[in-house]
Amino acid sequence: MKKIILIVLLAIFSYAQSKFSEPQPTFDNPRKVVYSLYVGDLETVEHTIGSMYNILKEYPAESLKIVVVAYGKGLRVLKKDYDKKTLERVKSLMEYDVEFIACKNTMETMKWKESDFIDGIGFTQAGIVEVIEKQKDGYIGITAY
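The text that follows walks through the structure, step by step, so that each part is easy to find. (Residues numbered from 1 in each chain as written. Predicted model: local features only at pLDDT ≥ 70, side-chain atom pairs only at ≥ 80, totals over all residues. Heavy atoms only, no water.)

Moving on, we come to the pattern of salt bridges. Across all of its chains, the model carries six salt bridges by this definition. The salt bridge involving Lys79 is made with Asp81; its shortest N-O contact spans 3.8 Å. Look at Lys79 and you get buried, because its relative accessible area is 8%. With a shortest N-O distance of 3.7 Å, Lys104 and Glu114 are connected by a salt bridge. With Lys104 in helix H4 (residues 104-110) and Glu114 in the loop between H4 and strand S4 (122-124), this pair connects stretches of sequence that are 10 residues apart. (Salt bridge = Lys/Arg side-chain N within 4 Å of Asp/Glu carboxyl O. Buried < 20%, exposed > 50% of the residue type's maximum accessible area, 1.4 Å probe, protein only. Helix = DSSP H or I, 4+ residues; strand = E, 2+ residues; numbered from the N terminus.)

Attention shifts here to helix H2 (residues 42-58). Here H2 contains 17 residues, and its C-alpha end-to-end distance of 25 Å stays within 8% of the 24 Å for a straight helix at 1.5 Å per residue. For H2, every residue scored as buried is listed here: Thr44, Val45, Glu46, Thr48, Ile49, Gly50, Ser51, Met52, Tyr53, Ile55 and Leu56. (Expected span 1.5 Å × (residues − 1).)

Turning our eyes to something else, we now look at the sheet that holds strand S1 (residues 31-37). Strands sit in the order S4-S3-S2-S1-S5 across an open sheet of five strands; the sheet is parallel. Looking at the sheet topology across the chains shown, the edges are occupied by S4 and strand S5 (140-143). Direction aside, neighbouring strands of the sheet carry axes that sit 25 degrees apart on average. In terms of strand pairing, strand S2 (residues 64-70) meets strand S3 (residues 99-103) through four bridges, oriented parallel. Of the residues in S3, the one forming a bridge with Val67 is Glu99. Here H2 sits on the sheet and contacts S1, S2 and S5; the angle it forms with S2, its principal contact strand, is near 165 degrees. (Pairing = 2+ DSSP bridges. Axes fitted to C-alpha atoms, helices over the stretch in contact; angles between N-to-C directions. Contact = heavy atoms within 4.5 Å.)

Attention now goes to the nonpolar core. Leu78 and Phe100 are the most contacted members of the largest nonpolar core, which totals 29 residues. At the level of secondary structure, the elements contributing two or more residues to this core comprise S1, H2, S2, helix H3 (84-95) and S3. If one sorts the elements of this core by residue count, H2 sits on top with six residues. In contact with Phe100, not counting residues within four places along its chain, are Val68, Leu78, Val90, Leu93, Met94, Ile121 and Gly122. If you look at the next biggest cluster of nonpolar residues, it comprises eight residues, including Val69, Ile101, Cys103 and Tyr139. (Core = buried A, V, L, I, M, F, W, Y, C linked by side-chain atoms within 4.5 Å.)

The interhelical angle for the contact between H2 and H3, taken along N-to-C directions, is 25 degrees, at an axis separation of 11 Å. Classified by the angle their axes make, H2 and H3 are roughly parallel. The way H2 lies across H3 gives a crossing that is left-handed. Seen from H2, the contacting residues are Leu42, Val45, Glu46, Ile49, Gly50, Met52, Tyr53 and Leu56; seen from H3, they are Thr86, Arg89, Val90, Ser92 and Leu93. Here the residues of the contact of H2 with H3 sort into eight nonpolar, three polar and two charged. (Parallel < 35°, antiparallel > 145°, perpendicular 65-115°, else oblique. Left-handed = near helix turned anticlockwise from the far one by under 90°. Nonpolar A, V, L, I, M, F, W, Y, C, P; charged D, E, K, R; others polar.)

Before going further, it helps to examine helix H5 (residues 127-136). An α-helix turns once every 3.6 residues. As a result, residues three or four positions apart point the same way. Gly127, Glu130, Val131 and Lys134 are the residues of H5 that are buried. All buried residues of H5 lie within an arc of 100 degrees about the axis, which places them on one face of the element. Residues of H5 that are buried sit in contact with S1, S2, S3 and S4. Once H5 finishes, Gly138 follows within two positions and takes phi at roughly 100 degrees, a positive value. (Arc of directions from axis to C-beta.)

Here it is as C-alpha cells:
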C-alpha cells in the first residue's frame, strides 16, 4: 500500500512540475510579471487582485516576482481612503512580496502627497515609463481587466 501511495505522489509531483514552460522558474530565474493598474473602479480592481492571488497559488514564492504599477485612476487604489476591504487585500499581497509602485505624475496632477498613500509602496515619476522599463527587463505585462 505504501508503494502505491508513493507512486501516486510521485506521479502527481511529476505532473505538477511539468506544467511550467522551460526554463522552469527558479530563485535565480523567477517568472516576472508587471501589472498596469490604471482603472480605479472597485469591480475591476477586485478582479485584478484576484488574478494576482491566482498567480501566487501556482508558483512557488521564491520563483515569482509581481510588480503593480498604479497610475491614472488606478492610483486611487493605493490611497488610505480607498475601500477598506480592498486595501487589506493589497496589504496582504505586500506580505507576499508583491511590489506596488505609485506614479508621481498622477499624484502631482491630483495634488496628492506621499502621505495620502498606504505604507510600503514605492514611487516613480512616470508610471507608464516604469511599466515599459519593467517589460524591457523581461517582465510580462498584464493589464487590469
